[in-house]
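Commentary on secondary and tertiary structure
Chain by chain, the residues run as shown.
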Amino acid sequence: MTQAALLLAALLAAPTPAPEPPPSPAAAARASTLVVRARGLDERALAGALRPRSGGAGVVLLRDVTSVDPDHTFVDVELQAAGLTVTIIVRDGRVFVRRGPGGGPRDAARLCASMLAAIADDALAPLPERATSPALAAGPSEQVSEDMPEGPAADLPLAVPVPPAPGPEPEPVPQDMSPRPDPLDVVEPAPERASPSPAPKAMRPTVELALSGGPLFGLGAPDADVRGGGGDVRVDLRGPRAWLVTAGVRAAGHLVKRMGPANREEQFGLARVRVSVGAGAWLRRGRFELRATANLAVEPWLVTHANRRVRPGESVAPAPLLGGHIRIAPTFAVTSRLHLGAFAEVAASATPTGNAVRVRLGESRLFTLGGLEASLGIELRVHPWAKQPKQRPD
């Protein structure tokens, strides 16, 4: 009896094990899995931006959940015109809501991460209502099938009304300090928004005047010599797409002196007037411009003696020359209205019979015109309707 009494007293004196305390709110907020649903933005991009900010918890989409894990936190993100609304339901049923300015998946992930950190530190007050995670309420049978197109999941509304109260105001940043960027974000420069400008006016063809002059040379043997000189006036219609139309008139002359029958020196003159039209192209690089044209021409001519017109041979008007020429003119813009440069031209012409013209005095040759000819000289081009650039004030 004495031993039994001692054993009973020892059992009664042994301390009873204390019951395990219920999990703290902070422990309930730390879940191993985050189940995410997004409306109004890209769910995949939100999950990708939230993973490095989840504190080691797994991040899955509500549409991808196949088996419900009771130990999870439900995160609902909704983007509207008023901004972002994030609702978090932890495993013990508490509901937390916060609003923020509108943005993309990265901004929403930052807001979710700050809320999860505040919930873990008991720094964010929950709503009075309690709710159950839609992942637990829906179950596997209500998940979105794989053959349906991905989109914002809006089929499972929250059972907790979201109050219209505004979220907490952000803390003011001192003037001498700038907010630190999230180290997990890649800093990307914001695209510059160009100020709206009026639609550009369609470019119109421009009309320009050109003056040029230089000597003429014969290229065909045996009449390769200087054939006087002349100058022409042209009107160019320059298009905005590098095309060019031109029309011009050239006046050329040649004077020679020969001994007459009475051993007296006499002067003979040749006058040529060429009318031409053509087309070509132009190229401009800065102030430099190059124009190339192909032209058709008709060229009447006449011979004078002692300042009077004479008719060679019979009293029949000489036939005009018919032909064409290729012209190349590089110029440099001195001002917006004035271009100065040079030109080179190669021409081929003949009478309707197909021959060049040779004017003779007895046995001596006075003039040769037609055949293959060349001309070199200086060109001055004027654009009288060009707008002068406005001078900026200093």
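Before any of the text, the structure's been laid out above.
Criteria and thresholds
Residues numbered from 1 in each chain as written. Predicted model: local features only at pLDDT ≥ 70, side-chain atom pairs only at ≥ 80, totals over all residues. Heavy atoms only, no water. Core = buried A, V, L, I, M, F, W, Y, C linked by side-chain atoms within 4.5 Å. Buried < 20%, exposed > 50% of the residue type's maximum accessible area, 1.4 Å probe, protein only. Helix = DSSP H or I, 4+ residues; strand = E, 2+ residues; numbered from the N terminus. Contact = heavy atoms within 4.5 Å. Expected span 1.5 Å × (residues − 1). Salt bridge = Lys/Arg side-chain N within 4 Å of Asp/Glu carboxyl O. Polar contact = N/O pair within 3.5 Å; in protein donor to acceptor, adjacent residues only side chain to side chain.

This paragraph deals with the nonpolar core. Leu46, Val77, Val86 and Ile88 are the most contacted members of the largest nonpolar core, which has 27 residues in total. For this core, the elements supplying multiple residues, two or more each, are strand 1 (33-39), helix 3 (43-50), strand 2 (58-61), strand 3 (73-80), strand 4 (83-89) and helix 4 (105-120). A total of 8 residues in this core trace back to one element, the largest contributor, which is helix 4. When near neighbours in sequence (up to four residues on either side) are disregarded, Val77 contacts Arg37, Ala38, Arg39, Leu41, Leu46, Leu84, Thr85, Val86, Ala108 and Cys112. Counting residues in hydrophobic clusters, the runner-up holds 11 residues, among them Val256, Leu321, Val359 and Leu369.

A few words now on helix 4. Compared with the 22 Å implied by 1.5 Å per residue over 16 residues, the 22 Å span of helix 4 between its first and last C-alpha is a close match. The set of residues buried in helix 4 consists of Ala108, Ala109, Leu111, Cys112, Ala113, Met115, Leu116, Ala118, Ile119 and Ala120. Just downstream of helix 4 lies Asp122, where phi reads positive at about 55 degrees.

This brings us to the pattern of salt bridges. Overall, the coordinates contain 27 salt bridges when judged by the stated rule. A salt bridge links Glu299 to Arg272; its shortest N-O distance comes to 2.8 Å. Taken together, the residues Glu299 in strand 10 (residues 288-299) and Arg272 in strand 9 (residues 265-285) connect sequence positions 27 residues apart. Both residues of the pair, Glu299 and Arg272, count as buried.

Structurally, His72 is set in the loop between strand 2 and strand 3. For His72, a relative accessible area of 3% puts it in the buried group. A distance of 2.8 Å separates polar atoms of two side chains, one belonging to His72 and the other to Ser133.

This paragraph deals with the environment of Leu369. Following the sequence through the fold, Leu369 ends up in strand 16 (residues 364-369). The buried category is assigned to Leu369, whose relative accessible area is 0%. Residues Leu369 and Trp301 lie 68 residues apart in sequence; the distance between their C-alpha atoms is 9.2 Å. In contact with Leu369, other than residues within four places in its own chain, are Arg227, Leu270, Arg272, Trp301, Leu321, Ala356 and Val357.

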